[in-house]
Amino acid sequence: MGSPQKCCVQTEASLEIMKAGSILRKAKSQIWRHRHYKLQEDCKTIAYKSSWALNSYSTFSVGDVEAVREGHQSEVFLSMAGEFPPERCFTLVFHGRRGNLDLVAESAEEAQAWIQGMRILIDNLENMDKREKLDQWVSDLFIKADKNRDGRISFKEARRLLKLMNMDMNEDHAWLLFRRADKSKTGMLEGDEFILFYKMLTERTEILELFQDYSSDGETLSHCDLEEFLREEQLEGERSHEHALELIEQYEPSDTGKTCHIMSIDGFLMYLTSVEGSIYNTDYKHLYQDMTQPLNHYFISSSHNTYLLEDQLKGRSSVEAYIQALKRGCRCLEIDCWDGSNGEPVVYHGHTLTSKIFFKDVVTTVAKYAFKVSEYPVILSIENQCSIEQQKVMAQILKDTFGDMLLKTTIDGKVPHELPSPEELKGKILLKGKKIGGLECLEVDSPVSVEVSDEDEAAETLKSSPTKSKQNISKEFSDLIIYFKKVPFRGFEHASSHSKPYEISSFSESKARKYIKEAGCDFVQYNTRLLSRVYPSGLRTDSSNFCPQEMWNVGCQTVALNFQTAGIEMDLNDGLFSQNNRCGYVLKPDILRNRERCFNPERPQDCKDFCPLNLTIQVISGQQLPKISKKEGSIVDPFVRVEIYGVPLDQTKQETKYIENNGFNPCWSEILEFVVHTPELALVRFVVEDYDKASKNDFIGQYTLPFSCIQTGYRHIHLLSKDGTSICPSSLFVHIKITEVTEVPRAS
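Computed from a predicted structure; not experimentally measured. (Residues numbered from 1 in each chain as written. Predicted model: local features only at pLDDT ≥ 70, side-chain atom pairs only at ≥ 80, totals over all residues. Heavy atoms only, no water.)

Q: How would you summarise the overall build of the protein if you had to cite specific residues and measurements?
A: Secondary structure assignment for the protein yields 21 helices and 31 strands. In terms of C-alpha radius of gyration, the protein reaches 28 Å, essentially the compact-globule figure of 27 Å for 748 residues. C-alpha extents for the protein along the principal axes are approximately 90 × 75 × 55 Å. By the burial criterion, 54% of the 748 residues in the protein qualify as buried. Counted over contacts in the protein with a minimum sequence separation of 6, partners at least 24 positions apart contribute 68%. On the protein, the mean spot of the 89 positive side-chain charges and the mean spot of the 111 negative ones are 6 Å from each other. (Helix = DSSP H or I, 4+ residues; strand = E, 2+ residues; numbered from the N terminus. Rg over C-alpha atoms; globule rule 2.2 N^0.38 Å. Buried < 20%, exposed > 50% of the residue type's maximum accessible area, 1.4 Å probe, protein only. Contact = heavy atoms within 4.5 Å. Lys, Arg positive; Asp, Glu negative; His and termini not counted. Charge placed at Lys NZ, Arg CZ, Asp CG, Glu CD.)

Next comes the structure, spelled out in structure tokens:
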């Protein structure tokens, strides 16, 4: 390992090479393009232009890049591995659903400079605290506003800055603030003067009023003042005394304040905008649930046709889709396997024009990324359409690639009476698929025909495709199916007397809805004992999603969604699985695990422990909402909608009025009230949209979390993009109150 001094020198050398610029080849399918890439002086922006262009550079932010992969670690490079040596190749992986950028340097040394340099820059950004990120944001604004690049801002440039900040301010008021900040009386703002101007623009009057309500002297919060705030507003009870001291030590910027145990307005604002001051109770972000219960007692983050990056008919298949799903905490992945040429099984959406990838590449990718985010088991749902010969090839690839990670026997060598727990299966990869006989069966030497279950999704996409009721399964492949034997569903009554705990049935969304409507209680009971999987209709050729909430309401464990498609459905999935260390497993509430409860999501009031809650949300203000339109003069008219998802009785939404021409610091101060009848199943989604009376409102940001994870009191909600990535520093400021309903309606 190199010395710190040597590492520092290498870092500087890498960044200097990046700033000088490099001719890199961009790989896209079979076409190679030369482009000039260089790191800007701000060390936050990469500029690039085609070799034939003059001076018209395009840019992307270092913050847009999630990771750098070295060598041949993308589809493009794997498909042309012989053309360029791996030491000259690297891939930039972007946040969200943006495609990768595959680049080839002129030399291995140049490639290393970009690989190491980008990794250092990404680490630096990720290690910034909230204050540093805000300072960075302000610095970026200054650079954007300083059109003539003289390091100073004129009033004309300041007016342009307000537009960039999504703010329409009266010109006289803006001029007044500008003059106050212009301490040097030059008619221009430099460094510290600009920061003062920014602070005046961003003064949070609603925070200041709250601060002064609890301040004994109107200037600071004493230890007792802060303790009272925590006790009265944040409802922290006995913990308030000690926590007040901890908050002063952590967030008060002045050493004097820390020594005297007092908090300034700056410290108070830093606390309220911190992770501790957010709406999400951090106690539930850690691994807090019991992980020793049977697998069927958990909701499991699940993906449908995981290999697809786009639609279901002509979309591209990619190992990248598996990487992205696993990085989002997905624990149940789907692989559709078909016979390929030269005896190599391939993965694609059968009977369609989607592209094909090799089965071995998918397995290699899963082996590499399976346990980077979560140590709990990965389930591979294998849609096996292969011949006996290629099934044998698949089985060998699985064993050779996964090695000891692949579960090949029951954990204790015995036939199970119930499924093992996620804790017992840590670090293991399990297969779901068709199996010859059961775990109780004697050895079988030759292939056997087994019945095809309801879930032959490829055939469902194109109804004219011929389907078969029987399929030959090789012994080699069958032996690898242990706890997830795929069987047709023959009714709840049949399942209660004949089904084994290691069997799983799949339901299309329409069939699941039918059973929920006709026999909701039976479906809940079924899921207390067995595993079920729900998948999107074959008619969703655009890779759209169904709402998973109604399936979770009856305890369905693996509700498979198209992870490549952003929207409400994936927001709900991300929201549910945001808890418990994002491990991909969430323990179902007792009403969905206890066989004695007979819970009916259509009538939660019939439950013995029925205890609805009042949820009161005061939507106070918004901060630095992103611009939607690229047009310079465009400013948003934001409003907030709060949506509740849960049992049918809880499905509702309310919204505030819209604020004209202010995305920078809009103030609503509106109260929205809800009754949540089954809190343990409810999700709350906060959505900000740009009001448009002539057309559909534009999405600005959202945040979704389980009702059970909400912190009461004054809280900030840090908004996410459509892709579920952070759009810092955009946020909402709210006050949350949760109380018991005094008069509970009972079943008649």
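Anyway, onward from the coordinates.
Q: Hey, could you go over the environment of Arg 25 for me, with residue numbers and the actual values?
A: Structurally, the position occupied by Arg 25 is in strand β1 (residues 22–28). The exposure class assigned to Arg 25 is partly exposed, which follows from its relative accessible area of 25%. Separated by 576 residues in sequence, Arg 25 and Pro 601 have C-alpha atoms that sit 57 Å apart. At a separation of 3.0 Å, a polar atom in the side chain of Arg 25 contacts the side chain of His 34. (Polar contact = N/O pair within 3.5 Å; in protein donor to acceptor, adjacent residues only side chain to side chain.)

Q: Tell me what's going on with helix α7 (residues 191–201), and back it up with residues and numbers.
A: Residues of α7 that are buried include every one of Glu 193, Phe 194, Phe 197, Tyr 198 and Leu 201, and no others. In an axial view of α7, the angular spread of the buried residues amounts to 140 degrees, which keeps them on one side of the axis. Counted as exposed and oriented over 90 degrees from the buried face of α7: Asp 192 and Lys 199. (Arc of directions from axis to C-beta.)

Q: Please set out the environment of Gly 277 residue by residue, giving values where relevant.
A: Tracing the backbone shows Gly 277 in the loop between α12 (265–272) and β10 (298–300). Using a relative accessible area of 0% as the deciding quantity, one classes Gly 277 as buried. Ignoring any residue separated from it by four or fewer positions in sequence, one finds Gly 277 in contact with Tyr 271, Leu 272, Tyr 714, Arg 715 and His 716.

Q: Quick rundown of unusual backbone geometry? Include the residues and the values.
A: With an omega of 10 degrees, the peptide bond between Cys 728 and Pro 729 qualifies as cis. Along the chain, Pro 729 falls in strand β31 (residues 726–740). A positive phi is found at Asn 581, a non-glycine position, where the angle reads about 65 degrees. Within the secondary structure, Asn 581 is located in the loop between α21 (568–576) and β23 (585–587).

Q: Got a sec to walk through the packing of aromatic side chains? Specific residues and values, please.
A: Considering all chains together, one arrives at 32 aromatic pairs under this definition. Centroid distance Phe 299 to Trp 552: 6.2 Å. Interplanar angle 55 degrees. Geometry classified as tilted. Of the two residues, Phe 299 is situated in strand β10 and Trp 552 in helix α20 (residues 549–552); the sequence distance between them amounts to 253 residues. One aromatic cluster is present, built from ring pairs that chain together Phe 211, Tyr 214, Phe 229, Phe 268, Tyr 714 and Phe 733. One Lys or Arg, Arg 98, reaches over the ring of Phe 94 and ends 3.9 Å from the middle of that ring. (Phe/Tyr/Trp six-rings, centres within 6.5 Å; stacked < 30°, edge-to-face > 60°. Lys NZ or Arg CZ within 6 Å of the ring centre and 35° of its normal.)

Q: Talk me through the nonpolar core; I want residue IDs and the actual numbers.
A: Soluble, globular proteins show a tendency: their nonpolar side chains are buried together. Grouped together as the largest cluster of nonpolar side chains are 71 residues, with contacts concentrated most on Leu 333, Phe 359, Val 366, Leu 380, Leu 398 and Phe 523. Tallying contributions element by element places helix α19 (residues 509–529) first for this core, with 6 residues. Beyond its immediate chain neighbours, meaning those up to four positions away, Val 366 contacts Tyr 322, Leu 326, Leu 333, Leu 380, Phe 402 and Ile 429. Counting residues in each nonpolar core, the second largest holds 32 residues, with Tyr 280, Val 684, Ile 717 and Leu 732 among its members. (Core = buried A, V, L, I, M, F, W, Y, C linked by side-chain atoms within 4.5 Å.)

Q: I'd like to hear about the pattern of salt bridges, residue by residue, with values.
A: Scanning all chains against the criterion turns up 28 salt bridges. A salt bridge links Arg 641 to Glu 655; the shortest N-O distance between them is 3.9 Å. On the criterion of sequence distance, the pair formed by Arg 641 in strand β25 (residues 638–645) and Glu 655 in strand β26 (residues 652–655) is long-range, its members being 14 residues apart. Residue classification places Arg 641 among the buried positions, given a relative accessible area of 12%. The exposure class of Glu 655 is partly exposed, given its relative accessible area of 43%. Salt bridges sharing partners connect three or more residues here, namely Asp 571, Arg 641, Glu 643, Glu 655, Arg 685 and Glu 689. (Salt bridge = Lys/Arg side-chain N within 4 Å of Asp/Glu carboxyl O.)

Q: I'd love a proper account of the packing of helix α6 (residues 171–181) against α7, names of residues and values included.
A: To describe two helices that pack against each other, one gives the angle between their axes and the distance between the axes. Put simply, α6 and α7 touch, their axes get as near as 8 Å, and they point 140 degrees apart. Overall, the two elements α6 and α7 adopt an arrangement that is oblique. For the element pair α6 and α7, the recorded crossing hand is right-handed. Side by side, α6 and α7 meet where Ala 174, Leu 177, Phe 178, Arg 180 and Ala 181 of the first sit next to Glu 193, Leu 196, Phe 197, Met 200 and Leu 201 of the second. Within the contact of α6 with α7, the residues separate by chemical class into 8 nonpolar, no polar and 2 charged. (Axes fitted to C-alpha atoms, helices over the stretch in contact; angles between N-to-C directions. Parallel < 35°, antiparallel > 145°, perpendicular 65-115°, else oblique. Left-handed = near helix turned anticlockwise from the far one by under 90°. Nonpolar A, V, L, I, M, F, W, Y, C, P; charged D, E, K, R; others polar.)

Q: Which residues make up the packing of helix α14 (residues 359–369) against helix α15 (residues 388–402), and what values go with them?
A: Between α14 and α15, the shortest axis-to-axis distance is 10 Å and the interhelical angle comes to 25 degrees. On the basis of the axis angle, α14 is roughly parallel to α15. Considering the relative orientation of α14 and α15, their crossing is right-handed. Here Phe 359, Lys 360, Val 363, Thr 364, Val 366 and Ala 367 of α14 lie close against α15, whose contacting residues are Met 394, Ile 397, Leu 398, Thr 401 and Phe 402. Residue classes in the contact of α14 with α15 are distributed as 8 nonpolar, 2 polar and 1 charged.

Q: Kindly report on helix α10 (residues 240–251), identifying the contributing residues and their values.
A: Since the α-helix turns once every 3.6 residues, residues separated by three or four places project in the same direction. Look at α10: 16 Å from first C-alpha to last across 12 residues, which is about the 16 Å you get at 1.5 Å a residue. Among the residues making up α10, those that are buried are Ser 240, His 243, Ala 244, Leu 247, Ile 248 and Tyr 251. Down the axis of α10, the buried side of the element spans an arc of 140 degrees, and every buried residue falls inside it. Tucked inside the fold, the buried residues of α10 contact α9 (223–232), α11 (255–260), β9 (262–263) and α12. (Expected span 1.5 Å × (residues − 1).)

Q: Help me get a handle on the pairing of strand β20 (residues 503–508), residues and values and all.
A: Of all the 6 residues making up β20, 6 are buried; the element is thus mostly covered by neighbouring parts of the structure. Of the two faces of β20, both are covered, the one formed by Glu 503, Ser 505 and Phe 507 as well as the one formed by Ile 504, Ser 506 and Ser 508. Summarising the sheet, strand β19 (residues 481–486) and β20 pair through 2 bridges and their orientation is parallel. In the strand pairing of β20, Lys 486 is matched with Ile 504. Note: β20 against strand β21 (residues 531–535), 5 bridges, orientation parallel. Following the sheet pairing, Ser 505 is matched in β21 by Ser 532. A crossover links β20 with its parallel partner β21, the connecting element being α19, and its sense is right-handed. (Pairing = 2+ DSSP bridges. Right-handed = clockwise from strand over helix to strand, strands pointing away.)

Q: Give a detailed account of the state of the cysteines, specifying residues and quantitative values.
A: According to the stated counting rule, one finds 0 disulfides in the structure shown. With no disulfide of its own, Cys 556 has Cys 547 as its nearest cysteine by sulfur position, at a separation of 13 Å. What makes Cys 556 buried here is its relative accessible area of 0%. Distance from the sulfur of Cys 611, which forms no disulfide, to the nearest cysteine sulfur (Cys 607) is 11 Å. (Disulfide = S-S within 2.5 Å.)

By themselves, these observations are geometric and do not establish any function.
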